[in-house]
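These are the residues of each chain, in order.
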Amino acid sequence: MIRKDFTPAVMSILLLLGIIILTLARHWRIPGLWTRYPLNWDAVFTGLYVLWLLVEIPTARKDVNTEGKKTLDFATCQIYGCAQAFTFLSALWFPSVWNEPNFAHFAGMGLFLFGVSYRFWAIRTLGVFYSHRVRTLSRHRIVDSGPYRFTRHPAYAGMIIANAGVVLYFFNWVTLCIFLFALVPGIVLRIVVEERMLSEIEGYSDFARDRKRLFPGIW
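In this report, the structure presented in the accompanying data block is examined. (Residues numbered from 1 in each chain as written. Predicted model: local features only at pLDDT ≥ 70, side-chain atom pairs only at ≥ 80, totals over all residues. Heavy atoms only, no water.)

Some remarks on a nonpolar patch on the surface
Inference 1: Taken together, the side chains of Val10, Ile13, Leu14, Leu17, Ile20, Leu24 and Trp28 make up a nonpolar region of the molecular surface, amounting to roughly 750 Å² of accessible area.
Inference 2: One can find Leu24 in helix H1 (residues 7–29). (Patch = residues over 30% accessible without salt bridge, like charges linked within 9 Å, V, L, I, M, F, W, Y side chains within 5 Å. Areas by Shrake-Rupley, 256 points an atom, 1.4 Å probe, with all protein chains shown as cover. Salt bridge = Lys/Arg side-chain N within 4 Å of Asp/Glu carboxyl O. Helix = DSSP H or I, 4+ residues; strand = E, 2+ residues; numbered from the N terminus.)

Side note on the environment of Val55
Inference 1: Tracing the sequence through the fold places Val55 in helix H2 (residues 41–63).
Inference 2: Of the residues examined, Val55 reaches a relative accessible area of 42% and is grouped as partly exposed.
Inference 3: Sequence-wise, Val55 and Phe120 are 65 residues apart; in three dimensions their C-alpha atoms are separated by 9.5 Å. (Buried < 20%, exposed > 50% of the residue type's maximum accessible area, 1.4 Å probe, protein only.)

A short note on the packing of helix H5 (residues 154–169) against helix H6 (residues 173–198)
Inference 1: Following both chains from N to C, one finds H5 and H6 inclined at 175 degrees, their axes separated by 11 Å at the closest point. When the interaxial angle is binned, H5 and H6 end up roughly antiparallel. In contact with Tyr156, Met159, Ile160, Asn163, Ala164 and Val167 of H5, H6 contributes Thr175, Leu176, Phe179, Leu183, Ile187, Arg190, Ile191 and Glu194.
Inference 2: For the contact of H5 with H6, the per-class residue count stands at ten nonpolar, two polar and two charged. (Axes fitted to C-alpha atoms, helices over the stretch in contact; angles between N-to-C directions. Parallel < 35°, antiparallel > 145°, perpendicular 65-115°, else oblique. Contact = heavy atoms within 4.5 Å. Nonpolar A, V, L, I, M, F, W, Y, C, P; charged D, E, K, R; others polar.)

A look at helix H4 (residues 103–126)
Inference 1: Along its 24 residues, H4 runs 35 Å from first to last C-alpha, staying within 8% of the 34 Å computed at 1.5 Å per residue.
Inference 2: Where H4 begins, the side chain of Asn102 points an oxygen toward the backbone nitrogen of Ala104, at a separation of 2.7 Å.
Inference 3: Positive backbone phi, at 60 degrees, marks Gly127, one or two positions downstream of H4. (Expected span 1.5 Å × (residues − 1). Polar contact = N/O pair within 3.5 Å; in protein donor to acceptor, adjacent residues only side chain to side chain.)

Regarding the packing of aromatic side chains
Inference 1: Applying the stated rule across the entire model yields 19 aromatic pairs.
Inference 2: Here Trp34 and Tyr37 contribute two aromatic rings whose centre-to-centre distance is 5.3 Å and whose plane-to-plane angle is 75 degrees, an arrangement assigned as edge-to-face.
Inference 3: Assessed through its relative accessible area of 5%, Trp34 is described here as buried.
Inference 4: Exposure remark for Tyr37: the relative accessible area of 31% places this residue in the partly exposed category.
Inference 5: Centre to centre, the rings of Phe45 and Phe88 are 6.4 Å apart; their planes meet at 15 degrees, and the pair counts as stacked. One end of the pair, Phe45, is in helix H2; the other, Phe88, is in helix H3 (residues 76–93), with 43 residues separating them in the sequence. Taken individually, Phe45 and Phe88 each receive the classification buried, so the pair is uniform in this respect.
Inference 6: Of the aromatic side chains, those joined through ring pairs into one cluster are Phe45, Tyr49, Trp52, Phe88, Phe112, Tyr169 and Phe170.
Inference 7: The residue whose ring lies beneath Arg29 is Trp93, and the NZ or CZ to ring-centre distance is 4.8 Å. (Phe/Tyr/Trp six-rings, centres within 6.5 Å; stacked < 30°, edge-to-face > 60°. Lys NZ or Arg CZ within 6 Å of the ring centre and 35° of its normal.)

Describing the environment of Trp52
Inference 1: Among the structural elements, Trp52 can be located in helix H2.
Inference 2: You can call Trp52 buried: its relative accessible area is 3%.
Inference 3: Between the alpha carbons of Trp52 and Val116 there is a distance of 7.5 Å; along the sequence they are 64 residues apart.
Inference 4: Those residues in contact with Trp52 that sit more than four places away from it in its chain are Gln84, Phe112, Val116, Arg119, Phe120, Met159, Ala162 and Asn163.

Okay, here's the thing in structure tokens:
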């Protein structure tokens, strides 16, 4: 019998509610930041982030009933999911060091869009084998096309890049610390646990030998 795991879907819904509440609070606290521009870029960024979550919710919902089981997960989904949530929520809540619009806002948004796009490329390439849970399928095989030609875990790399964009756009020291000391370690822990499972799949050791985990030439 497959154990249903509603955690990713519930966490996504709670994060959406938190984003809505804190976005409204942020607008009330600093209403004049983007008055000289035709668009409120804070609202645009938040809208893009929410769209990202909405696109990934079907994957979380699919995980509830798909074949497979948790394998040595140790709640890594909850750890890095909470860290991701607190990264963005803290970015909305704490005052930014940027007192007025500048290049960092648009560089941060560009970094965010690149990270999300890279993540979606990885998810689409992995197809049915992608999951928010650490699991195996009876037909599991190694995928070495798309971004998997370069690294072993491009979806996680995309997550890191996207959230680095969040940090840069809304820059404050609390969000930076959450990103560096909670989200990144949470993703690293997730990768370590996941690779224990992947190492049991035929051909993974050969696949891993020629590729770094997240970023070419780094790790």
